[in-house]
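# Summary of structural features
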Amino acid sequence: MALIKTIEHHEATGRLKEIYDDLIQKRGQLAEVHKIQSLRPESIVKHIDLYMEIMFSKSELSRAEREMMAVVTSVANNCHYCQIHHSEALNNYWKDDYRIVHLRSNYKKAQLSEKELLLCQFAEKLTLKPDDFKEPEHINKLKEIGLSDAAILDATLVVAYFNFVNRLVLSLKVDIEKDDERNYNY
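Residues numbered from 1 in each chain as written. Predicted model: local features only at pLDDT ≥ 70, side-chain atom pairs only at ≥ 80, totals over all residues. Heavy atoms only, no water.

Of the regular secondary structure elements, the protein holds nine helices and zero strands. Secondary structure elements of the protein occur, N-terminal to C-terminal, as α-α-α-α-α-α-α-α-α. For the protein, whose C-alpha radius of gyration is 17 Å, the value lies close to the compact-globule estimate of 16 Å for 186 residues. Expressed along its principal axes, the backbone C-alpha trace of the protein runs to roughly 50 × 35 × 30 Å. Expressed as a percentage of its 186 residues, the buried residues of the protein come to 46%. (Helix = DSSP H or I, 4+ residues; strand = E, 2+ residues; numbered from the N terminus. Rg over C-alpha atoms; globule rule 2.2 N^0.38 Å. Buried < 20%, exposed > 50% of the residue type's maximum accessible area, 1.4 Å probe, protein only.)

Okay, the packing of aromatic side chains next. This structure, assessed with the given rule, holds five aromatic pairs. Taking the centre distance of 6.0 Å and the plane angle of 40° together, the rings of tyrosine 51 and tyrosine 161 count as tilted. Here tyrosine 161 lies in helix 9 (residues 149–172) and tyrosine 51 lies in helix 3 (residues 41–56), a separation of 110 residues in the sequence. For the pair tyrosine 51 and tyrosine 161, one class covers both residues: buried. Here phenylalanine 122 and phenylalanine 133 contribute two aromatic rings whose centre-to-centre distance is 5.5 Å and whose plane-to-plane angle is 85°, an arrangement assigned as edge-to-face. Note that phenylalanine 122 is positioned in helix 7 (residues 114–128) and phenylalanine 133 in the loop between helix 7 and helix 8 (137–144), a separation of eleven residues in sequence. (Phe/Tyr/Trp six-rings, centres within 6.5 Å; stacked < 30°, edge-to-face > 60°.)

Helix packing geometry: the angle between the two helix axes and the distance between the axes. At a closest axis distance of 9 Å, the pairing of helix 4 (residues 63–76) and helix 7 adopts a crossing angle of 35°. For helix 4 against helix 7, the interelement crossing comes out right-handed. Residue-level inspection shows Glu65, Met68, Met69, Val72, Thr73 and Ala76 of helix 4 in contact with helix 7, the latter providing Lys115, Glu116, Leu119, Cys120, Phe122, Ala123, Glu124, Thr127 and Leu128. Tallied by class, the residues present in the contact of helix 4 with helix 7 amount to nine nonpolar, two polar and four charged. (Axes fitted to C-alpha atoms, helices over the stretch in contact; angles between N-to-C directions. Left-handed = near helix turned anticlockwise from the far one by under 90°. Contact = heavy atoms within 4.5 Å. Nonpolar A, V, L, I, M, F, W, Y, C, P; charged D, E, K, R; others polar.)

Here the focus is the pattern of salt bridges. For the structure on display, the rule yields twelve salt bridges. Through salt bridges that share partners, Glu8, Glu32 and Lys35 make up one connected network. (Salt bridge = Lys/Arg side-chain N within 4 Å of Asp/Glu carboxyl O.)

On the surface, Leu3, Ile4 and Leu39 cluster together into a nonpolar patch covering about 270 Å² of accessible area. With respect to the element layout, isoleucine 4 can be found in the segment before helix 1 (14–27). A relative accessible area of 33% places isoleucine 4 in the partly exposed class. (Patch = residues over 30% accessible without salt bridge, like charges linked within 9 Å, V, L, I, M, F, W, Y side chains within 5 Å. Areas by Shrake-Rupley, 256 points an atom, 1.4 Å probe, with all protein chains shown as cover.)

Here we take up the nonpolar core. If you look at the biggest cluster of nonpolar residues, it comprises 43 residues, and the most contacted ones within it are Met68, Met69, Tyr81, Trp94, Leu103, Leu119 and Val169. Among the elements of the structure, helix 3, helix 4, helix 5 (80–94), helix 6 (97–106), helix 7 and helix 9 are those that each provide at least two residues to this core. The greatest single-element share of this core, amounting to eleven residues, is contributed by helix 9. Excluding its chain neighbours within four sequence positions, the residues that come into contact with tryptophan 94 are Ala64, Met68, Arg99, Ile100, Leu103, Leu112 and Glu116. Ile7, Leu23, Leu30 and Ile48 belong to the second-largest nonpolar core, a separate cluster that totals nine residues. (Core = buried A, V, L, I, M, F, W, Y, C linked by side-chain atoms within 4.5 Å.)

With that settled, the discussion passes to helix 4. Because the α-helix completes a turn every 3.6 residues, residues three or four places apart line up on one side. In this model, helix 4 (14 residues) spans 20 Å end to end at C-alpha, consistent with the 20 Å of a helix rising 1.5 Å per residue. Counting buried positions along helix 4 yields twelve of 14 residues, so the element is predominantly enclosed. Within the span of helix 4, buried status applies to Arg63, Ala64, Glu65, Arg66, Glu67, Met68, Met69, Ala70, Val71, Val72, Thr73 and Ser74. Summarising the contacts, the buried residues of helix 4 are in contact with helix 3, helix 5, helix 6, helix 7 and helix 9. (Expected span 1.5 Å × (residues − 1).)

Everything listed is a geometric property; what it means functionally is a separate question.
Structure (structure tokens):
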């Protein structure tokens, strides 16, 4: 149970109800991570806008690569909520439960390409040891495999965004929805 008050859909009025209804129409469900922001309805809108820009905009990084980095970041932060949501989203692309399990337990055993492995290492390192990025070695590894500066920015945005969301979820104790309540339009 969340540590702060949240407003459920059936209790929502005014702008919050509009936002909730729009989310349900577009995504099929209302996520707990959105409800935790119900006391600041416009933050939900800004949050979704940022999420859509980072995860769905045109990029050299595929949707699957971005979801994979979201999972690795969430594993590093021990954020079960985001691990579940983004493992499910990733499996829409991978369609491989075995790889998903290994990504979450030890990504080095998840049969990753060189690019995927480096993106996972980048996500983990930036999450756990951001101070190590004073030196260019981590960025240079991505450049060496052919990632452009725009792709490196996209990877950094994914990791930074999920560190933000993981902290929101963990600090306010956002609980995962029941299995039958997680039918999102990924």
